[in-house]
Amino acid sequence: MSTATVESKKITLRTADNHEFEVDEAIAMEFGTVKTFFDENPDASREPIPLPNISSQYLSIIIEYCKSHLAFRVRESSSSVEDGAKAYDEELIKSLDNESLKELILAANYLNIKDMLDMLNQGVADRIKNKSVEYVRRFFGIENDYTPEEEAAVRAQNEWAFEGVDPDDD
Amino acid sequence: MASLSHDIIPDILCRLCVEDLLRFRCVSKPWCSLIDGPDFIKLHLSRSLKTNTNLSLILRYGHLFSINFDSLKTVQKLKHPLDGNDEGVGTEILGSCNGLLALFNGEEKIALWNPSTRKSQMLPVTEPEFPRRYCFSQFIVYGLGYDPISDDYKLVRMVQFYGKDNDSFESEVMVYSLKTNSWRRIKDFPFYLKYKRGYGILAKNALHWVVSKKPESDTKSFVVAFDLGTEEYRVVELPDGLDEEFHMNVKALGGYLCMVANYWEVHVVDIWMMKEYGVKESWTKLLTVKEPEVISDFEFVLPLAYSKNGDKVLLNQDDYKFVWYDLKSKRVKNVRIRGAPESFEAEMFVGSLVPLNGNGAMINKKKQDDQKKQRKNNKKRLWKGLNVACAQDIGSLELFFFLAIGSLEIGKEM
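The residue numbering used here restarts from 1 in each chain and proceeds along that chain's sequence as written. To read the labels, note that chains go from A and ligands from 1, taken in the order they are written. Reporting of local features is limited, given that this is a predicted model, to residues whose pLDDT is at least 70; pairs of side-chain atoms are given and counted only at 80 or more, and all residues count toward the totals for whole chains, interfaces and linings. To get the side-chain values, take all heavy atoms of the structure and skip hydrogens and water.

### As for the overall build of chain B
Looking only at helices and strands, chain B has seven helices and 25 strands in total. When burial is assessed residue by residue, chain B has 54% of its 414 residues classed as buried. When checking whether two residues touch, look at their non-hydrogen atoms; a contact exists if any pair is within 4.5 Å. Here the analysis covers contacts within chain B between residues at least 6 apart in sequence; of these, 51% occur between residues at least 24 apart. In the form shown here, chain B has an accessible surface area of approximately 19,900 Å², with 51% of it arising from carbon and sulfur atoms. Starting at the N terminus, helices and strands are each numbered in turn, a helix being any DSSP run of H or I of at least four residues and a strand any DSSP run of E of at least two. With a 1.4 Å probe rolled over the protein chains alone, any residue whose accessible area is under 20% of its type maximum counts as buried; one over 50% counts as exposed, and the rest are partly exposed. Surface exposure here means Shrake-Rupley accessible area, sampled with a 1.4 Å probe, where a residue is shielded only by the protein chains that are shown.

Following this line, the structure appears as structure tokens:
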């Protein structure tokens, strides 16, 4: 039995663009997919784990997020710690453009990081609140499959919901 | 461009308000199917309830008003399907469940209304069976709830009237089902309703009322539940060791059943919560409001809702103002709302996409027209006179007065 302390165990992750990230096991275990893998294969050799769907740009953000939130959790729960975590999340969301936000969601979804996914999804919801239909289509890259008549008919069912919508200024 | 997969979209959309979602039905046909689908509607509703979002306060003072629960700043007058009601009674709210309100115009019009989607449905009219022998005082209470077994919304109507003596009573219970858009009589309610007004309180898919065994000989209050799934009645056990001299009320808070004990002689109100439904030992005293330490001068307080992070409870004080009760500091803070009526009844309400049938208005129209003709007789006038009287929260002396008026009306017709 190894006498090495668990805290110093490292796990290597390899991104789609062939960068390798070495992280503490505790951080890697924040990724639901990684945790499940090691729970089911406790003896798996600690070779670099390939993450073909994720680029280094986004994995580094994810690793930072998990590191920070783990540190917040370790500290005793108090309103200042909660505020600290909230402030971190708000700063992160603010720093992301729409494209990065979506990429991070895909990555967090793939890695099954529940808290981060919840926070990112809320970030998108906050960005599309009170926005127009056209804005939402552009945001998600969705093609309009209604004919003009069909769309007018659907709109007429709830015409009042189109009042007071934020103007599209981008 | 990154494309969010179809399983991620619902988790984003379920965080939006109903107005945004109704507009986004126009984004694409798949989005429209998603938003209209029963799974998404349930997801959106359960998330709102779990996170205390999409909540509003509905106030009733003749008209109906709503206040956004997150801001609690200003009041908005609501346009509802029973508007244009000229009766002095105003529109009553018979119940609130999952975003649906049951409205009553004081006569015979009842509507189910979703204020968030602005859709409504008139219910078919069903008259109570009039008792053969002549009797005074008929009381009608309602309750609105959701039956998870049949995935149906039900409106319960209980009519009670005194029997051949002051200590006996009879009741008639009808249940309306939204799915079938029809009323059905079920077995009688074997308890005596203590409050002639006030709808059934919804908790754990059951409606609750304060009752006693008899009107006169056995008046000890207790709580009875009507299970919306099984349509059975059962007694809810109350905490042990309660003093006798208090006014009992039931309310729901955060989905939990609460018992409000108003010790009016000493100006103290205890609010108990049943933390585990049906388990007597789980009754916990949630908070106590004492005059003058907590509130300097009050008659009653009723719980409405938890704050978003659960550290405070919004209380309705005297149907006149709202206060936040801080569970830790045990102190209250006033809530100032611009434009609130000087007196009101208050109800919590969640914004949801829960749909109505939409065809209820058309069904049974001929039946309703025939019934309208039938109602031009003494029977109907007597019922109306008594019904209006009983709809008010009045003491027995005033009830007697109204009954006298009722009999004067009969005298006129004969």
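### As for the sheet that holds strand β9 (residues 152–162) of chain B
Think of a sheet as strands paired side by side through backbone hydrogen bonds, with each pair either parallel or antiparallel. Residues and elements named next belong to chain B. In this analysis, strands are considered paired if DSSP registers two or more bridges between them. The strand order β8-β9-β10-β11 describes an open sheet built from four strands, whose pairing is antiparallel. A strand with exactly one partner marks an edge of an open sheet, and here the two such strands are β8 (138–147) and β11 (182–186). Averaged over neighbouring strand pairs, the angle between their axes works out to 25 degrees when direction is ignored. For β8 and β9, the ladder comprises 10 bridges, and the chain directions are antiparallel. Counterpart to V141 in the pairing with β9 is M158. Fitting a line to C-alpha atoms yields each axis, with helices limited to the stretch in contact; the angle taken between N-to-C directions then spans 0 to 180 degrees.

### Some thoughts on the pairing of strand β5 (residues 100–104) of chain B
Residues and elements named next belong to chain B. The element β5 is extensively covered by neighbouring structure, given that five of its five residues are classed as buried. Residues L100, A102 and F104 line one face of β5 and the alternating positions L101 and L103 line the opposite face, and both faces are buried. Relative to β5, strand β4 (residues 92–97) is paired through five bridges, and the arrangement is antiparallel. Its bridge partner being in β5, E92 is matched across the sheet by F104. Counted along the chain from β4 to the antiparallel partner β5, the turn is two residues long, and its residue N98 has a positive phi close to 50 degrees. The pairing of β5 with strand β6 (residues 110–114) spans four bridges and is antiparallel. For F104, the partnering residue across the bridge sits in β6 and is I110. Between β5 and the antiparallel strand that follows it, β6, lie five residues; G106 among them carries a positive phi value of about 90 degrees.

### Side note on the sheet that holds strand β3 (residues 49–51) of chain A
Residue and element names in this part refer to chain A. Strand order in the open sheet formed by three strands is β2-β1-β3, and the pairing between neighbours is mixed. The outermost strands of the open sheet, each flanked by one partner alone, are β2 (20–24) and β3. This sheet shows a mean twist of 30 degrees between the axes of neighbouring strands, independent of strand direction. Where strand β1 (residues 10–15) lies against β2, five bridges are found, and the strand directions are antiparallel.

### Some words on helix α3 (residues 56–74) of chain A
With 19 residues, α3(A) should cover 27 Å at 1.5 Å per step; its first-to-last C-alpha distance of 27 Å lies within 8% of that length. Within the span of α3(A), buried status applies to S56(A), Y58(A), L59(A), I62(A), I63(A), Y65(A), C66(A), S68(A), H69(A), L70(A) and F72(A). For a helix, the expected span equals 1.5 Å multiplied by the residue count minus one.

### A word on the interface of chain B and chain A
Of the residues lining the interface, 31 residues belong to chain B; the matching set on chain A comes to 39 residues. Two parts placed together each lose some accessible area; with a 1.4 Å probe, that loss summed over both constitutes the buried area. Counting each side, the surface lost to burial between chain B and chain A is near 3,000 Å², with a carbon and sulfur contribution of 61%. Sorting the residues of chain B by area buried against chain A places R15(B), R23(B) and C26(B) first, and these three jointly supply 22% of that buried surface. A pairing counts as a salt bridge when a side-chain nitrogen of Lys or Arg comes within 4 Å of a carboxyl oxygen of Asp or Glu. For the pair chain B and chain A, the number of links is two salt bridges. Across the salt bridge formed by R15(B) and D118(A), the nearest N and O atoms sit 2.6 Å from each other. As used in this structure description, the phrase polar contact means that two N or O atoms lie within 3.5 Å; if the pair is within protein, one of them must be able to donate a hydrogen and the other to accept it, and residues adjacent in sequence are counted only when both atoms belong to side chains. Between chain B and chain A we count 13 residue pairs in polar contact (both at pLDDT 80 or more) in total. Elements with a contribution of two residues or more to the side of chain B that touches chain A: α1 (9–13), α2 (18–24) and α3 (29–36) of chain B. When residues of the side of chain B that touches chain A are assigned to their parent elements, the largest contribution, five residues, is made by α2(B).

### Here we look at the packing of α3(A) against helix α5 (residues 98–111) of chain A
Residue and element names in this part refer to chain A. Put simply, α3 and α5 touch, their axes get as near as 10 Å, and they point 70 degrees apart. If you check the angle between α3 and α5, you find them roughly perpendicular. As α3 packs across α5, the resulting crossing turns out to be right-handed. Where α3 approaches α5, its residues Y58, L59, I61 and I62 are matched on the opposing element by S100, E103, L104, A107, A108 and L111. Amino acids are sorted into nonpolar (Ala, Val, Leu, Ile, Met, Phe, Trp, Tyr, Cys and Pro), charged (Asp, Glu, Lys and Arg) and polar (every other residue, Gly among them). Within the contact of α3 with α5, the residues separate by chemical class into eight nonpolar, one polar and one charged. Here the word oblique covers every angle except those under 35 degrees (roughly parallel), over 145 (roughly antiparallel) and from 65 to 115 (roughly perpendicular). Crossings are classed by handedness, with left-handed meaning an anticlockwise turn of the near helix from the far one by less than a right angle and right-handed meaning a clockwise turn.

### Notes on the nonpolar core
The set of buried Ala, Val, Leu, Ile, Met, Phe, Trp, Tyr and Cys residues whose side-chain atoms join them within 4.5 Å is what this entry labels a nonpolar core. By size, the foremost hydrophobic cluster in this structure holds 108 residues, and its most contacted members are F31(A), M116(A), L120(A), I128(A), F140(A), L13(B) and F322(B). Among residues more than four places away in sequence, those in contact with F322(B) are L57(B), L59(B), L304(B), L314(B), L315(B), N316(B), K333(B), N334(B), V335(B), I337(B), F344(B) and A346(B).

### Considerations on the pattern of salt bridges
Residues and elements named next belong to chain B. Taken as a whole and judged by the stated rule, the model has 30 salt bridges over all chains. Between D11 and R15 there is a salt bridge, with the nearest N and O atoms lying 3.5 Å from each other. For D11, a relative accessible area of 28% translates into the label partly exposed. Salt-bridge contacts for E345 lead to R60; the nearest nitrogen and oxygen are separated by 3.3 Å. One end of the pair, E345, is in strand β25 (residues 345–350); the other, R60, is in strand β1 (residues 55–61), and 285 residues separate them in sequence.

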